[in-house]
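Close look at the chain arrangement
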Amino acid sequence: MKVGFIGLGTMGGHMAYNARTKGGFEMLVHDLRRETSLRHVEAGAVWADDIASLARECDVVLTSLPGPKEAQAVGAVLLQNMRKGCPWFDLSTNSPTVVRALYAEFKQKGIPMLDAPVSGGPAGAKSGKLALLVGGDRAVFDKHKHVLDAIGDQVIYIGDIGAGSVAKLVHNMAGYATQAALAEVFTLGVKAGVDPLELFAAIRQCSLGRQRTFDRLGKQFMQNKFDPPDFALKLAHKDCMLATELAREVGVPMRIANLALAEMTEGLNRGWADLDSRIPMLLQEERSGVKIKVPAADIDAVLKRDG
C-alpha cells in the first residue's frame, strides 16, 4: 500500500515519520516547504512536487493541515486527481460542517473521505501515544485501520462523517474551559495565602485529582441518575458559597465559579437539594433540547474495555 501524506508541520511531520518508520509503508510526502521532508526522505519516503501527482499515485491519502480553509483548498486538488475508491483521511482539527460538505463532494466521485482528528499534542505525535477520532464509512475505516495504527495507539471509530471532528471539538473545549476554571480557583487559593506548589501538591491528591475527568460523567450525568446522591446538592451549594465568599474577601474575580453557583442555586429552587450535586447539569440539557440517558452496563463496558 502506497501512502500519501500532505502537511509535514509540527504534528504532521511526526505522524508521517512514524507511518514510514513504524508502519513501513511506501510513502510520498508533500508540504509547502520542501525542507520539512528531509528526514522523511532519509527514512525512505519520496518527495512529491505537488499535491496532484501525490494524489494520482497513492492508495490512501492522509492530510494534517491548519484548519478548514486549508482542507478545502487541498481537497479541491485531491478531488480532481484521486482514483475512485482511494480514501482520504483528514487528520486536521476541522469544522464538522466543512467535513460533511467535502464528504458529499467526494462521495459523488466514489472517493471515501473520513475525518480523523488527532489528540495528544506534538509529544504524542512523536511518541505515537496519540488518539485518532474517526468518523466516516466503517468499512473503509476497518480496511485502512492498520495505516492509522502506525500513527497512534488509540484509533477510535466514533460514527458517521463529522463525528470525529465533533468529538475533537468537545474534547478541546472541555480542556480550555477547565483551564479557565483552574486559573480562577488557583488564583483564589494563592491570594488567600496558600503556597502555589503546596496547593498543587495537595489538590491533585483529592477526589477530583485522582479520577479521570471524563470518567466522572459516567455515574450520574450519563445515566441521568441523581438519587441516591453521592454528595447532596445542598452541601455542594454550601461549599461554592464559601468559596465565592472567600473570593470576595480577598478580591479575586470568580466569573466561572459564580456561574456554577448560579446553576446550583437554580437547582435548589427546583427542589433538588437532597439529590446528587451533579443534577444542575440537567439545566444545560434542558436549554440544549438534549436528553442523555445511557444504561449503566454500557458505560461499564466502555470503562472496562479502555482500562
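A short tour of the structure in this document, coming up. Bear in mind the structure is a predicted one, so any value in this text is a computation, not a measurement. (Residues numbered from 1 in each chain as written. Predicted model: local features only at pLDDT ≥ 70, side-chain atom pairs only at ≥ 80, totals over all residues. Heavy atoms only, no water.)

Looking now at unusual backbone geometry. At the junction of Asp227 and Pro228, the peptide bond is cis and its omega measures out at 5 degrees in the coordinates. Mapping Pro228 onto the fold places it in the loop between helix H10 (207–210) and helix H11 (233–250). Despite not being glycine, Asn224 shows a phi value in the positive range, around 55 degrees. Note that Asn224 resides in the loop between H10 and H11. (Helix = DSSP H or I, 4+ residues; strand = E, 2+ residues; numbered from the N terminus.)

Another aspect to go through is the packing of helix H5 (residues 96–108) against helix H8 (residues 163–191). Packed helices, taken two at a time, are described by the angle between their axes plus the distance between the axes. At their nearest, the axes of H5 and H8 sit 9 Å apart, and the two run at 170 degrees to each other. For the element pair H5 / H8, the angle class is roughly antiparallel. Residues Pro96, Val99 and Arg100 of H5 form the contact with H8, whose own contacting residues are Ala163, Ser165, Val166 and Leu169. Considered class by class, the residues forming the contact of H5 with H8 number five nonpolar, one polar and one charged. (Axes fitted to C-alpha atoms, helices over the stretch in contact; angles between N-to-C directions. Parallel < 35°, antiparallel > 145°, perpendicular 65-115°, else oblique. Contact = heavy atoms within 4.5 Å. Nonpolar A, V, L, I, M, F, W, Y, C, P; charged D, E, K, R; others polar.)

This brings us to the nonpolar core. If you look at the biggest cluster of nonpolar residues, it comprises 29 residues, and the most contacted ones within it are Phe5 and Leu62. Of all the secondary-structure elements, those providing two or more residues to this core are strand E1 (2–6), helix H1 (10–21), strand E2 (26–30), strand E4 (60–63), strand E8 (131–135) and helix H7 (138–149). Beyond its immediate stretch of four places on either side in the chain, Leu62 contacts Val3, Gly4, Phe5, Ile6, Phe89, Leu91, Val147, Leu148 and Ile151. With 24 residues, the next largest nonpolar core counts Ala48, Leu54, Ala55 and Val98 among its residues. (Core = buried A, V, L, I, M, F, W, Y, C linked by side-chain atoms within 4.5 Å. Buried < 20%, exposed > 50% of the residue type's maximum accessible area, 1.4 Å probe, protein only.)

What follows is about the packing of aromatic side chains. Scanning the model with the defined rule gives two aromatic pairs in all. Residues Phe141 and Tyr157 carry aromatic rings whose centres are separated by 5.3 Å and whose planes lie at 40 degrees to one another, so their mutual orientation is tilted. With Phe141 in helix H7 and Tyr157 in strand E9 (residues 154–159), the pair connects residues that are 16 residues apart, well separated along the chain. Phe141 sits in the buried class, given a relative accessible area of 2%. Just above the ring of Tyr17 sits the side chain of Arg39; from NZ or CZ to the centre is 4.6 Å. (Phe/Tyr/Trp six-rings, centres within 6.5 Å; stacked < 30°, edge-to-face > 60°. Lys NZ or Arg CZ within 6 Å of the ring centre and 35° of its normal.)

Turning next to the pairing of E2. The buried fraction of E2 is high, at four of five residues. With five bridges connecting them, E1 and E2 associate as parallel partners. Looking at the pairing, Ile6 lines up with His30 of E2. Once you follow E1 into H1 and on to E2, the crossover reads as right-handed. With two bridges connecting them, E2 and strand E3 (residues 46–47) associate as parallel partners. Bridged to Val29 within E3 is Trp47. (Pairing = 2+ DSSP bridges. Right-handed = clockwise from strand over helix to strand, strands pointing away.)

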